[in-house]
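Okay, here's what each chain looks like letter by letter:
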Amino acid sequence: VQLQASGGGLVQTGGSLRLSCTVSGRTFSSYGMGWFRQAPGKEREFVAAIYYRGGSTRYADSVQGRFTISRDNAKNTVYLQMNSLKPEDTAVYYCAADPRAPDRLLVGISTYQYDYWGQGTQVTVSS
């Protein structure tokens, strides 16, 4: 399974970006999908996740109301729409896939719940 993230870049405070993550393979629809981020000197943290069936989502408090996660199972792609960006959103953003999602009652928000990771895409928000 390979994950390819894209869409990062440099944006001013208050701007928007949309990240995309395309997953190889035929079982994308059975994966829970998550976005995490890691700023320099900090641990990787949860940002957003979507259940394998779609619909059910969870967000970190710091991005609630500003970010939206969605998925298109026909395109094997998960998206992260980021609005009202702040300098503290600056980080490398990683997408991740949880193949055990059908066995979970809730979408995963911990790194250990995800087996497959993309290479990361840099998001920089200037003040």
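Our structure's up above, just so we're on the same page.
For the structure given in this document, a descriptive report is provided here. Please read these numbers as outputs of a predicted model, since none were measured by experiment. Residue positions within a chain follow its written sequence, with the count starting from 1. Residue-level local features of this predicted model are given only where pLDDT is at least 70; pairs of side-chain atoms are given and counted only at 80 or more, and the full residue set underlies all totals for whole chains, interfaces and linings. Side-chain metrics in this entry use all non-hydrogen atoms of the structure; hydrogen atoms and water are not considered.

Our focus in this paragraph is the state of the cysteines. Two cysteine sulfur atoms form a disulfide, by the criterion used here, when they sit within 2.5 Å. Throughout the structure, instances matching the rule amount to one disulfide. Between Cys-21 and Cys-95 runs a disulfide, and the two sulfur atoms are separated by 2.1 Å. On the sign convention where negative is left-handed, the bridge of Cys-21 and Cys-95, at about 60° about the S-S bond, is right-handed. Of the two residues, Cys-21 is situated in strand 3 (residues 17-23) and Cys-95 in strand 9 (residues 91-98); the sequence distance between them amounts to 74 residues. In DSSP terms, a helix is any run of H or I states spanning at least four residues, a strand is any run of E spanning at least two, and both are numbered starting from the N terminus.

Attention shifts here to the sheet that holds strand 1 (residues 3-6). At least two bridges found by DSSP between two strands is the condition for calling them paired. On the basis of which strands lie adjacent, the open sheet formed by four strands has the order 1-3-8-7 and antiparallel pairing. Each edge of the open sheet is held by one strand with a lone partner, namely strand 1 and strand 7 (67-72). When the angles between neighbouring strand axes are averaged without regard to direction, this sheet yields 15°. Examined bridge by bridge, strand 1 and strand 3 share four bridges and lie antiparallel to one another. From the neighbouring strand, Ser-6 faces strand 3, where its bridge partner is Ser-20. Inter-axis angles, ranging from 0 to 180 degrees, are taken between N-to-C directions of lines fitted to C-alpha atoms, where helices are fitted over the stretch in contact.

Glancing now at unusual backbone geometry. Residues other than glycine seldom take positive phi values, yet Asn-76 does so here, at roughly 55°. Structurally, the position occupied by Asn-76 is in the loop between strand 7 and strand 8 (77-82).

Note on aromatic contacts: the rings of Phe and Tyr and the six-membered ring of Trp form a pair at centre separations within 6.5 Å, being stacked when their planes are under 30 degrees apart, edge-to-face when over 60 apart, and tilted otherwise. Using the criterion set out here, one finds six aromatic pairs in the structure. Between Phe-36 and Phe-46, the ring centres sit 5.8 Å apart and the planes meet at 70°, which makes this aromatic pair edge-to-face. You can see Phe-36 sitting in strand 4 (residues 32-38) and its partner Phe-46 sitting in strand 5 (residues 45-50), a full 10 residues away along the chain. The exposure classification of Phe-36 matches that of Phe-46, with both residues buried. Taking 5.1 Å as the distance between ring centres and 55° as the angle between the ring planes, the aromatic pair formed by Phe-36 and Trp-117 counts as tilted. Remark: Trp-117 occurs in strand 10 (residues 116-117) and Phe-36 occurs in strand 4; sequence separation between them is 81 residues. Partly exposed residues are those whose accessible area sits between 20% and 50% of the maximum for their type, while under 20% is buried and over 50% is exposed, using a 1.4 Å probe and protein chains only. By relative accessible area, Phe-36 is classed as buried at 1%. Overall, the relative accessible area of 27% leaves Trp-117 in the partly exposed class. Here a set of aromatic residues connected by ring pairs shows up, and it is made of Phe-36, Phe-46, Tyr-114 and Trp-117.

Geometric values such as these leave the question of function open.
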